[in-house]
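Listed here are the chains, written in short residue letters.
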Amino acid sequence: MPSGTSCSPTVSAMRDEAFRLFEAGVIAADPESAVLKALPDRRPDLIVALGKAAPGMIRAAVARFGPVPAIVITHRENAEASLPPGVRLFLAGHPVPDEAGLAAGKAVLEAVSALAAGQNLLVLVSGGGSALLPAPPEGVTLADKRKLNSLLLASGADIGEMNLIRQQVSLLKGGGLARAAAPADVVALILSDVVGDDLSVIASGPTAAPVGTRSEARQRLRARGLWPDLPVAIRACLEREDQPIAVPSNHVDNRLVGSNTLSREAMARAAPKAVLSREPLTGDVSEAAARIMAEADGSGVWLWGGETTVRIRGAGKGGRNQELALRVALLAEQAGWTDDWVFLSAGTDGRDGPTEAAGGLVDRESLARMRAAGIDPEEALARNDSNPALAASGDLVITGATGTNVADLQVMIRA
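Treat the numbers as computed from the prediction; the structure is a model and nothing was measured.

Here's the deal with the overall build of the protein
Stage number 1. From N to C terminus, the protein includes 16 helices and 13 strands.
Stage number 2. In summary, the protein has a C-alpha radius of gyration of 21 Å against a globular reference of 22 Å for 415 residues, a match within 12%.
Stage number 3. For the protein, the spread of C-alpha atoms along the three principal axes comes to 65 × 50 × 35 Å.
Stage number 4. Within the span of the protein, comprising 415 residues, buried residues form 59% of the whole.
Stage number 5. Carbon and sulfur atoms make up 52% of the accessible area of the protein, which amounts to about 15900 Å² in all.
Stage number 6. Counting 41 positive and 48 negative side-chain charges, the protein places the averaged centre of each group 4 Å from the other.

Topic: the packing of aromatic side chains
Stage number 1. Summed over the entire model, instances satisfying the criterion amount to 2 aromatic pairs.
Stage number 2. Ring plane angle 40° and centroid distance 6.0 Å describe the contact between F19 and F22, whose orientation is recorded as tilted. You can see F19 and its partner F22 sitting in helix α1 (residues 9-28), 3 residues apart, about one turn around the helix. Just as F19 is buried, F22 falls in that class too.
Stage number 3. Taking 5.9 Å as the distance between ring centres and 80° as the angle between the ring planes, the aromatic pair formed by W337 and W341 counts as edge-to-face.
Stage number 4. A relative accessible area of 16% means that W337 is categorised as buried.
Stage number 5. Directly above the aromatic system of W337 lies the positively charged group of R414, at a separation of 3.6 Å from the ring centroid.

Observations concerning the sheet that holds strand β1 (residues 46-50)
Stage number 1. With parallel pairing, 6 strands are arranged side by side in an open sheet as β3-β2-β1-β4-β5-β6. A single partner strand is all that each edge strand has here, and the edge strands are β3 (88-92) and β6 (252-258). For this sheet, the mean angle separating the axes of adjacent strands, direction not counted, is 15°.
Stage number 2. Strand direction decides the pairing type here: strand β2 (residues 70-75) and β3, joined by 5 bridges, are parallel. Its bridge partner being in β3, T74 is matched across the sheet by L91.

Focus: the pairing of strand β11 (residues 359-363)
Stage number 1. Most of β11 is tucked away: 5 of the 5 residues are buried.
Stage number 2. Along β11, one buried face is formed by G359, L361 and D363 and the opposite face, lined by G360 and V362, is buried too.
Stage number 3. Where strand β10 (residues 341-347) meets β11, 5 bridges bridge the pair, whose relative direction is antiparallel. Bridging across to β11, S345 finds its partner in G360.
Stage number 4. Both β11 and strand β12 (residues 396-397) contribute to a ladder of 2 bridges, which runs antiparallel.

Describing the UniProt feature "domain: MOFRL-associated" (unreviewed entry) in the protein
Stage number 1. In this structure's numbering, the residues bearing the UniProt feature "domain: MOFRL-associated" (unreviewed entry) are residues 20-239.
Stage number 2. Taken end to end, residues 20-239 is 42% helix and 13% strand, and its two terminal C-alpha atoms sit 50 Å from one another.

Thoughts on the domain arrangement of the protein
Stage number 1. Each domain of the protein was delimited in the assignment, giving domain 1 (9-28 + 273-414) and domain 2 (30-258).
Stage number 2. Between domain 1 and domain 2, the C-alpha centre-to-centre distance is 30 Å.
Stage number 3. Contacts between the two partners involve 19 residues from domain 1, matched on the other side by 22 residues from domain 2.
Stage number 4. Our enumeration of links across domain 1 and domain 2 arrives at 2 salt bridges.

Cut-offs applied
- Residues numbered from 1 in each chain as written.
- Predicted model: local features only at pLDDT ≥ 70, side-chain atom pairs only at ≥ 80, totals over all residues.
- Heavy atoms only, no water.
- Helix = DSSP H or I, 4+ residues; strand = E, 2+ residues; numbered from the N terminus.
- Rg over C-alpha atoms; globule rule 2.2 N^0.38 Å.
- Buried < 20%, exposed > 50% of the residue type's maximum accessible area, 1.4 Å probe, protein only.
- Areas by Shrake-Rupley, 256 points an atom, 1.4 Å probe, with all protein chains shown as cover.
- Lys, Arg positive; Asp, Glu negative; His and termini not counted.
- Charge placed at Lys NZ, Arg CZ, Asp CG, Glu CD.
- Phe/Tyr/Trp six-rings, centres within 6.5 Å; stacked < 30°, edge-to-face > 60°.
- Lys NZ or Arg CZ within 6 Å of the ring centre and 35° of its normal.
- Pairing = 2+ DSSP bridges.
- Axes fitted to C-alpha atoms, helices over the stretch in contact; angles between N-to-C directions.
- UniProt positions renumbered as here; feature names shortened; annotations may be inferred.
- Domains from an automatic or database assignment.
- Contact = heavy atoms within 4.5 Å.
- Salt bridge = Lys/Arg side-chain N within 4 Å of Asp/Glu carboxyl O.

Right, dumping it as structure tokens:
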């Protein structure tokens, strides 16, 4: 729920409504319901559940099939999540890979490689899986992977570009998990956290074909000026000759069970008169904020969803949703909006960047509250310090881990 703030009854009601619509989108991505609807008839011999929604997904599978050997890899915010007895749990680091994730990668490779012909692997995939399950090739260390990840996160690269690169330095990404499981058959139920629902991009596509080659990864890194800063082992890995994209010799059945599109449509059903943007909200947060301002013309309710990017220029604390909310508040002030309005931007997983917040929920008095607390919003934005700024104005959205992840949702309401 939004952190507490003092505002007029009208604005308070508008804030409550914005959060209600956001909740409708999150509920639509409930992983247990999504998995139960899509489970195969055949009982699996092994389950690997990977990502931020892994606890809910494994609960649904075990509810249907009963006890099955299972490995669950999820983020630490899910430490208190209820899990079926007997599963092997790894609580790994996100967004920066850690030793727990490395141990999980080794455990998964060992378990799936032991499967035989005629056996069946069920993979439950959700967002965040890329960082949670590092499996570097020989010669590449976890520290090397962390450095690569940090450089990509700070560069403003979108999720597609990041995954194209990360797939080239992993034994599990880009279809690696499916190949390792051969000759066993694979069914993957996938909860999408990426715009466009490209299965090769979600969690870096452990059961899908890779999205590119090493040469393409080199080109992207050089174009962003990151190549000289890469660890030597990463550069050496990427300089190896491209190999043909291998197709797994086993049968792989990938099934999409939830997405940002479905959550946006759920918000629209909860607000029948709202304007639903069919075009995902992507790109740099500055561009996204300008688009929101242009589309939210006059009184009404507008709904968006997608995933933006932030170019890190300062050492502040924040995330893309919090920065987007702060940018919209500043643009509304510059545009001279005098009507009552509220804007929410939050991550459906309950976490926005390395912070405790899911995002921000601002209104026309937010900047005044911020300044009264001694914070200059423009200066905060310049150093990517949106989190303490929104905390000071009572505008953080804090939900805790939601158990799902289908990217971000946005709501604008104008009186």
